[in-house]
Amino acid sequence: MYEPIRSKSVHSTMAGTPTDFPRRSRDEELDIQLAGHLAALLAVTDELRALAPDTGLDAAAERLAEQVTRLRGGQAPVRLKVAAGQESRPAVLHRRAHTLAARALVVAASRADTAVAILTAERMDAHSAALEPRPLASR
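Because the structure is predicted, anything quoted here is derived from the model rather than measured.

**Things to note about the side chain of Thr 120**
Mapped onto the elements of the fold, Thr 120 is located in helix 4 (residues 114-131). Each residue touching Thr 120, except ones within four places of it in the same chain, is listed here: Leu 38, Ala 101, Ala 104 and Leu 105.

As structure tokens, this is what we get:
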């Protein structure tokens, strides 16, 4: 029927063996994940700034860049250079930014990073407000 295995198994268990590769702590993993979400939010913010320059977006981009730099141990994020003539729809970008800010808020809350949680909540509010229809001005 079946022949018994006569050679040593190539599969082994990790029990009792020292690790040969470095492992990161949960906090380090959350820092990496949070920095990634904030860097993506920064890229979308830069796209929005290229479409419609705004001092609020400028300040938000600088605050996001500061937080990414802090989380990456001093390594500054790569900033997106967007041509002003590139076709993008602001509503799509605001929705994407809102989603990214929400993801970053979840990670910031799980690692108890109050500064990032406040920043991302503010960005969520700003992008929600940008998506709301504005009433027409009366003449």
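**Here we look at the pattern of salt bridges**
Evaluation of the coordinates by the stated rule reveals 10 salt bridges. Across the pair Arg 111 and Asp 31 runs a salt bridge, and its minimum N-O distance is 2.5 Å. Taken together, the positions of Arg 111 in the loop between helix 3 (90-110) and helix 4 and Asp 31 in helix 1 (residues 26-51) put the pair 80 residues apart, joining distant regions of the chain. Overlapping salt bridges, with partners in common, bring together Asp 46, Arg 49, Asp 58, Glu 62 and Arg 79 in one network.

**With respect to the layout of surface pockets**
Empty space among the atoms can be located by rolling a probe the size of a water molecule over them. As a volume, the largest pocket reaches approximately 260 Å³. Residue lining of the largest pocket: 15 residues in total, with Leu 48, Leu 57, His 94, Ala 130 and Arg 134 positioned closest to the centre. Going through the elements one at a time, helix 1, helix 2 (55-71), helix 3 and helix 4 are the ones with two or more residues in the lining of the largest pocket. At five residues, the largest contribution of residues to the lining of the largest pocket is made by helix 4. Looking at the lining of the largest pocket residue by residue, the classes come out as nine nonpolar, three polar and three charged.

**Observations concerning the nonpolar core**
Among soluble globular proteins, nonpolar side chains are generally buried collectively. In terms of nonpolar packing, the biggest core is built from 26 residues, with Leu 34, Leu 38, Leu 41, Val 44 and Leu 64 touching the most fellow members. Only helix 1, helix 2, helix 3 and helix 4 provide two or more residues apiece to this core. When residues in this core are grouped by element, the largest group, nine residues, is from helix 1. With residues near it in sequence (within four places) discarded, Val 44 still touches Leu 93, Arg 96, Ala 97 and Leu 100.

**So, the environment of Gly 36**
Take Gly 36: it is sitting in helix 1. Classification of Gly 36 by relative accessible area gives partly exposed; the value is 35%. Between the C-alpha atoms of Gly 36 and Leu 71, which are 35 residues apart in sequence, the distance is 9.5 Å.

Definitions and cut-offs
Residues numbered from 1 in each chain as written. Predicted model: local features only at pLDDT ≥ 70, side-chain atom pairs only at ≥ 80, totals over all residues. Heavy atoms only, no water. Helix = DSSP H or I, 4+ residues; strand = E, 2+ residues; numbered from the N terminus. Contact = heavy atoms within 4.5 Å. Salt bridge = Lys/Arg side-chain N within 4 Å of Asp/Glu carboxyl O. 1 Å grid on protein atoms, 1.4 Å probe; cavity = no way out; pocket = protein on both sides within 12 Å on 5 of 7 lines; lining within 4 Å. Points joined across faces, edges and corners; volume = space filled by probe spheres on them. Nonpolar A, V, L, I, M, F, W, Y, C, P; charged D, E, K, R; others polar. Core = buried A, V, L, I, M, F, W, Y, C linked by side-chain atoms within 4.5 Å. Buried < 20%, exposed > 50% of the residue type's maximum accessible area, 1.4 Å probe, protein only.

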